[in-house]
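The chain contents come next:
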Amino acid sequence: MFQDAELMCPFSPWFQHHERRRLVGLLGLLWSVLAGGCATTTAPRAPDAFEVASTAPEPEAPEYIPVVRYGRYTLVELAPTAAQRDLLLQTIEVSMPEDARATVGDGLRHVLKRSGYGLCQTGHAVIALYALPLPAAHLHLGPMTLRDALLTLAGPTWELHADDRARQICFERSDDSGATEPTPEPTAGDAVQAFPSTPSVPGGQP
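Presented here is an overview of the structure given in this document. Just so it is clear, the model here is predicted, and its values are computed rather than measured.

Conventions adopted
- Residues numbered from 1 in each chain as written.
- Predicted model: local features only at pLDDT ≥ 70, side-chain atom pairs only at ≥ 80, totals over all residues.
- Heavy atoms only, no water.
- Helix = DSSP H or I, 4+ residues; strand = E, 2+ residues; numbered from the N terminus.
- Buried < 20%, exposed > 50% of the residue type's maximum accessible area, 1.4 Å probe, protein only.
- Contact = heavy atoms within 4.5 Å.
- Areas by Shrake-Rupley, 256 points an atom, 1.4 Å probe, with all protein chains shown as cover.
- Pairing = 2+ DSSP bridges.
- Core = buried A, V, L, I, M, F, W, Y, C linked by side-chain atoms within 4.5 Å.
- Axes fitted to C-alpha atoms, helices over the stretch in contact; angles between N-to-C directions.
- Polar contact = N/O pair within 3.5 Å; in protein donor to acceptor, adjacent residues only side chain to side chain.

## Details of the overall build of the chain
Along its length, the chain carries six helices and seven strands. Listed N to C, the secondary structure of the chain is α-α-β-β-α-β-α-β-α-β-α-β-β in terms of helices and strands. Looking at the 206 residues of the chain, the share that counts as buried comes to 17%. In the chain, once contacts between residues fewer than 6 apart in sequence are set aside, the share between residues at least 24 apart is 56%. For the chain, the accessible surface area stands at approximately 17900 Å², while carbon and sulfur atoms represent 59% of it.

This is how it looks when you write it as structure tokens:
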């Protein structure tokens, strides 16, 4: 009977081989899914960041500057300007009177008009400076500061000194100007004989 059943329903070897390959493939797929699900990727740990405690500078107290409103959008500070604090910084623009006999002293006095300063009259060298003729290039000065105008008139070999107590402007020769007074040449009477004369002996023999 069993032999008849085997003859009626025989198992094909090709069918068994095909089912076995499918089973192996399913098991491999299942294993790869399980292995992929269990594997965890660990990200590299970032080093601990050290917080640097920086001390912020303390804000300075704002300086109080009094102002007054002029018009609608203009605010003017209630403080003197730099030229009002230092009179030598005031801006001037002057034109000298065209006089052929004008001197440097005349130009200095004309520049100092209404400036608050006067011109000192000490020293023979300064008097000689004031007596020099005024160059034509200095007939018009400015706009420039009062200090620059005075130094332009005096020249590079003179230094300016301001006496704020007496409100006077004085000039002195610069130490590095190299100006030396000319030495007088010796006269014929002051000449010294270099070699002494030899006394004459009778007979022509020394």
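That covers the picture; the talk isn't over yet.
## Quick notes on the pairing of strand β7 (residues 168–173)
Sheet faces and side chains relate simply in a regular strand, where the side chains alternate between the two faces. The pairing of strand β4 (residues 118–119) with β7 spans two bridges and is classified as parallel. By the bridge assignment, L119 is partnered in β7 with I169. As judged from the six bridges shared by strand β6 (residues 158–163) and β7, these two strands associate in the antiparallel manner. Following the sheet pairing, E159 is matched in β7 by E172. With antiparallel pairing between neighbouring strands as the criterion, β6 and β7 make up a hairpin whose turn holds four residues, including R167 at a positive phi of roughly 55°.

## Quick word on the nonpolar core
Ranked by size, the top nonpolar core spans 27 residues in total, and within it L108, V111, Y130, L146, L150, I169 and F171 carry the most contacts. Counting only elements with at least two residues in this core, the list comes to β3 (91–95), α4 (104–111), α5 (124–130), α6 (146–154), β6 and β7. Here this core gets five residues from one element, more than from any other, and that element is α6. Once residues within four sequence positions are removed from consideration, V111 is found in contact with I92, V94, M96, L141, L146, A149, L150 and L153.

## Focus: the sheet that holds β4
Reading across from one edge, β4-β7-β6 is the order of the three strands in this open sheet, with mixed pairing throughout. Looking along the sheet, the strands with just one partner apiece sit at the ends: β4 and β6. Most of the contacts of α6 go to β6, to which it runs at about 140°, and overall it touches β6 and β7.

## Observations regarding the side chain of S115
Of note, S115 is situated in the loop between α4 and β4. Classification of S115 as buried rests on a relative accessible area of 6%. Engagement of the side chain of S115 in a polar contact is seen with the backbone oxygen of L112, the distance being 2.7 Å. Each residue touching S115, except ones within four places of it in the same chain, is listed here: L87, Q90 and L146.

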